[in-house]
Amino acid sequence: MTEVTLDTISNLAKKRGFVFQSSEIYGGLRSAYDYGPLGVELLRNVKAEWWRSMVQERPDVVGLDSAVIQARQVWQASGHEEFFTDPMVECRNCHSRHRVDKLDDPDRCPTCGKTGEFTEPRQFNLMFRTHMGPVDSEENMVYLRPETAQGIFINFENVRRTNRLKLPFGIAQIGKSFRNEITPGQFVFRTREFEQMEMEFFCRPGEADEWFQYWLDKRFQWYVDLGMRPENLRLRHHDKDELSHYSTSTADVEYRFPWGWDELEGIANRTDFDLKKHSEHSGEDLRYFDQESNERFFPYVIEPAAGATRTTFAFLIDGYTEETVNDETRVVMKLHHRLAPYKIAVLPLSKKPELIEPAERVAAELRKRWIVELDVTQSIGRRYRRQDEIGTPFCVTIDFDSLEDQAATVRDRDTMDQERVSMDGLTTYLAGKLV
Ligand code: ATP
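Residues numbered from 1 in each chain as written. Predicted model: local features only at pLDDT ≥ 70, side-chain atom pairs only at ≥ 80, totals over all residues. Heavy atoms only, no water.

**Examining the site of the ligand**
Taken together, 17 residues sit near the ligand, with Glu-181, Arg-190, Thr-191, Glu-263 and Leu-264 positioned nearest. Contact with the protein chains removes 86% of the 610 Å² of surface that the ligand exposes when unbound. Looking at the shell around the ligand, the elements with two or more residues in it are strand 10 (193-203), strand 13 (260-271) and strand 16 (300-307). Tallying contributions element by element places strand 13 first for the shell around the ligand, with four residues. In terms of residue class, the shell around the ligand is made up of five nonpolar, four polar and eight charged. (Near = heavy atom within 4 Å. Areas by Shrake-Rupley, 256 points an atom, 1.4 Å probe, with all protein chains shown as cover. Helix = DSSP H or I, 4+ residues; strand = E, 2+ residues; numbered from the N terminus. Nonpolar A, V, L, I, M, F, W, Y, C, P; charged D, E, K, R; others polar.)

Printed below as a string of structure tokens:
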């Protein structure tokens, strides 16, 4: 197995156009990133696969897209204004700030190396503040959401009523979240602006433990089904003192990142905490009326909450493979076909118009179904290497024989096997190969 470092992946991501530093021409903004042409496809594919598994394929889950900016009362009711904090210390020697619970040694500053220089920890609220409207007053202050979940809770009744939903059911959402992290880092692992994929699954209180286990299994399997190596994945149950203010049980899906095991997704039993709090604070009765038992009660909630950007990063790390072929090292990004940014590259062997013309025709036909790159630069060997490195499952090469036999050579990324396929039959052939 290839041991991959953080530098290898972040360099490849920059070199090939997956991820760029935000505001790079101005020196770069720490902890915000832009997704380039390849990164945006990979990220979109990760989100599409999540949506497919969590919404499209399920009779009991619907989608939602709520606003990033919500009333301040939402965050007061949810407890975020009071509790969404991390313990922070400052080093008296170098003035760097650190999140205490993430320090390897709670006495030693990782920036300057001095020990015993930390101030007393203080709780730092992670929510970004801004103002709505032209006046910067306290009354106009709003927060950027630090999670997508609250947008779901405050729409619980809207969604339930308009879609005539009966327990158990889920509401899913993908979107941006913002946290003013004390110590962002490890490339796109922890950023201050990121994307989440969250689903709130509402059920009867007595069934919550069963659904919790169901979603743990289901979510773990999602990563495996998309090709993540099982040996790089594990489930870790939280200790009681680790639990968030709203949760009775939580488990994380963890990935073996280059620096060690770290969280990809948290699955939590949020109980009836959020719906109850929003009922109390808003005055709206958010209880569910159960026609069978003729009872009104607050449903319990199981929440699988994953990071879209963080998961995308993990897929890149997991896919990175170095192989020795004829005494040379070949780098292959072994992404699942469904995640690969480009599904096919069309490569005319030379820049001569008689090859460019059929290559363009083939590419235009394949683009009706897939994201396709037509690449005419450099030697064919270098073009294959580039496509391997960005994870393109198939390369279609048009050569001078193609003019005679109306066929092209299709090369498989993983096996490097090559097959001659008639140009007319390429769509059918590739549709059968792409999983
Ligand atoms: P941590 O303890 O690492 O700060 P958390 O437990 O607070 O994270 P959750 O609130 O459970 O994280 O968020 C759900 C998911 O959202 C996480 O598993 C992660 O994938 C993603 N996520 C959270 N914070 C960030 C961030 N700053 N950057 C990128 N992704 C994030």
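**Considering the sheet that holds strand 11 (residues 233-237)**
Within the open sheet, the seven strands sit side by side as 3-9-10-16-13-12-11. Their pairing is mixed. Each of the sheet's edge strands pairs with one partner strand only, and the pair in question is strand 3 (61-63) and strand 11. Adjacent strand axes in the sheet meet at a mean angle of 25 degrees when their direction is disregarded. Sheet analysis places strand 12 (residues 249-257) next to strand 13, joined by nine bridges and oriented antiparallel. Counted as the bridge partner of Asp-252 is Gly-266 from strand 13. (Pairing = 2+ DSSP bridges. Axes fitted to C-alpha atoms, helices over the stretch in contact; angles between N-to-C directions.)

**Observations concerning helix 11 (residues 380-390)**
Residues of helix 11 that are buried: Arg-383, Tyr-384, Arg-386, Gln-387, Asp-388, Glu-389 and Ile-390. Taken from the residues just after helix 11, Gly-391 is the one with a positive phi, measuring 85 degrees. (Buried < 20%, exposed > 50% of the residue type's maximum accessible area, 1.4 Å probe, protein only.)

**Some thoughts on the side chain of Lys-343**
With respect to the helices, strands and loops of the structure, Lys-343 is situated in the loop between strand 18 (328-333) and strand 19 (344-348). It turns out Lys-343 is buried and unbridged, and the closest side chain with the opposite charge, Glu-49, is 7.4 Å from it. If near-sequence neighbours (up to four positions away) are discounted, Lys-343 is found in contact with Asn-45, His-337, Arg-338, Trp-370, Ile-371, Thr-392, Pro-393, Phe-394 and Leu-434. (Lys, Arg positive; Asp, Glu negative; His and termini not counted. Salt bridge = Lys/Arg side-chain N within 4 Å of Asp/Glu carboxyl O. Contact = heavy atoms within 4.5 Å.)

**Some details on the sheet that holds strand 21 (residues 394-398)**
Within the open sheet, the five strands sit side by side as 20-19-21-22-23. Their pairing is mixed. Edge strands, defined here as strands with exactly one partner in the open sheet, are strand 20 (372-374) and strand 23 (418-422). Along the sheet, successive strands turn relative to each other by an average axial angle of 25 degrees, direction set aside. Here strand 22 (residues 407-412) pairs with strand 23 via five bridges, running antiparallel.

**A look at the pattern of salt bridges**
If you walk through the whole model with that rule in mind, you get 38 salt bridges. In this structure, Lys-276 and Asp-272 form a salt bridge, with 3.2 Å as the shortest nitrogen-oxygen distance. Lys-276 gets classed as partly exposed once you look at its relative accessible area, which sits at 35%. On the basis of relative accessibility, which here comes to 14%, the residue Asp-272 falls in the buried class.

**Some points on the domain arrangement of the chain**
The assigned domain composition of the chain is domain 1 (38-84 + 145-317) and domain 2 (342-433). Centre-to-centre, using C-alpha coordinates, domain 1 lies 41 Å away from domain 2. (Domains from an automatic or database assignment.)

**What about the packing of helix 2 (residues 37-56) against helix 7 (residues 208-225)?**
When two helices pack together, their arrangement is captured by the angle between the axes and the distance separating the axes. The N-to-C vectors of helix 2 and helix 7 enclose an angle of 145 degrees; their axes lie 11 Å apart at closest approach. At the point where helix 2 passes helix 7, the crossing takes the right-handed sense. Across from Val-46, Glu-49, Trp-50, Ser-53 and Met-54 in helix 2, the residues of helix 7 making contact are Trp-215, Arg-219 and Trp-222. Taken together, the residues that form the contact of helix 2 with helix 7 break down as five nonpolar, one polar and two charged. (Left-handed = near helix turned anticlockwise from the far one by under 90°.)

**Considerations on empty space enclosed by the protein**
Throughout the structure, instances matching the rule amount to one cavity of 30 Å³ or more. Roughly 40 Å³ of volume is contained in the largest cavity. Lining the largest cavity are Phe-18, Val-19, Tyr-35, Gly-39, Leu-42, Val-188, Thr-309, Thr-312, Phe-313 and Leu-316. Mapped by element, the contributors of at least two residues to the lining of the largest cavity are helix 2 and helix 9 (308-319). At four residues, the largest contribution of residues to the lining of the largest cavity is made by helix 9. Here the residues of the lining of the largest cavity are counted per class, giving seven nonpolar, three polar and no charged. (1 Å grid on protein atoms, 1.4 Å probe; cavity = no way out; pocket = protein on both sides within 12 Å on 5 of 7 lines; lining within 4 Å. Points joined across faces, edges and corners; volume = space filled by probe spheres on them.)

**Digging into the environment of Cys-109**
Locating Cys-109 in the fold gives a position in the loop between strand 5 (97-99) and strand 6 (122-125). As a C-alpha pair, Cys-109 and Trp-211 span 102 residues in sequence and 42 Å in three-dimensional space. If near-sequence neighbours (up to four positions away) are discounted, Cys-109 is found in contact with Cys-91, Cys-94, Ser-96, His-98, Lys-114 and Phe-118.

**Comments concerning the side chain of Glu-147**
Assignment of secondary structure puts Glu-147 in the loop between strand 8 (141-143) and helix 5 (149-153). Relative accessible area serves as the criterion here: at 4%, Glu-147 is assigned to the buried category. Here the side chain of Glu-147 touches Gln-150 through a polar contact of 2.9 Å, side chain to side chain. A polar side-chain atom of Glu-147 sits 3.2 Å from a polar atom in the side chain of Arg-270. Excluding residues that lie within four positions of it along the chain, Glu-147 makes contacts with Trp-75, His-80, Ser-177, Arg-179, Gln-196, Glu-198 and Arg-270. (Polar contact = N/O pair within 3.5 Å; in protein donor to acceptor, adjacent residues only side chain to side chain.)

**Considerations on unusual backbone geometry**
Looking along the chain, the bond that leaves Leu-167 and enters Pro-168 is cis, with omega of -5 degrees. Mapped onto the elements of the fold, Pro-168 is located in the loop between helix 6 (156-162) and strand 9 (169-178). Although it is not a glycine, Gln-378 sits at a positive phi angle of roughly 60 degrees. Tracing the backbone shows Gln-378 in the loop between strand 20 and helix 11.

**Points about the nonpolar core**
Nonpolar side chains tend to gather and get buried jointly when the protein is soluble and globular. Counting 55 residues, the largest nonpolar core has Phe-18, Tyr-223, Leu-264 and Phe-315 as the members making the most contacts within it. Every residue in contact with Phe-18, bar those within four places of it in the chain, is listed here: Leu-12, Ala-13, Asp-34, Tyr-35, Gly-36, Leu-38, Gly-39, Leu-42, Leu-316, Pro-341 and Ile-390. In terms of nonpolar packing, the next biggest core, distinct from the first, is built from 20 residues, Trp-370, Ile-398, Val-410 and Val-421 among them. (Core = buried A, V, L, I, M, F, W, Y, C linked by side-chain atoms within 4.5 Å.)

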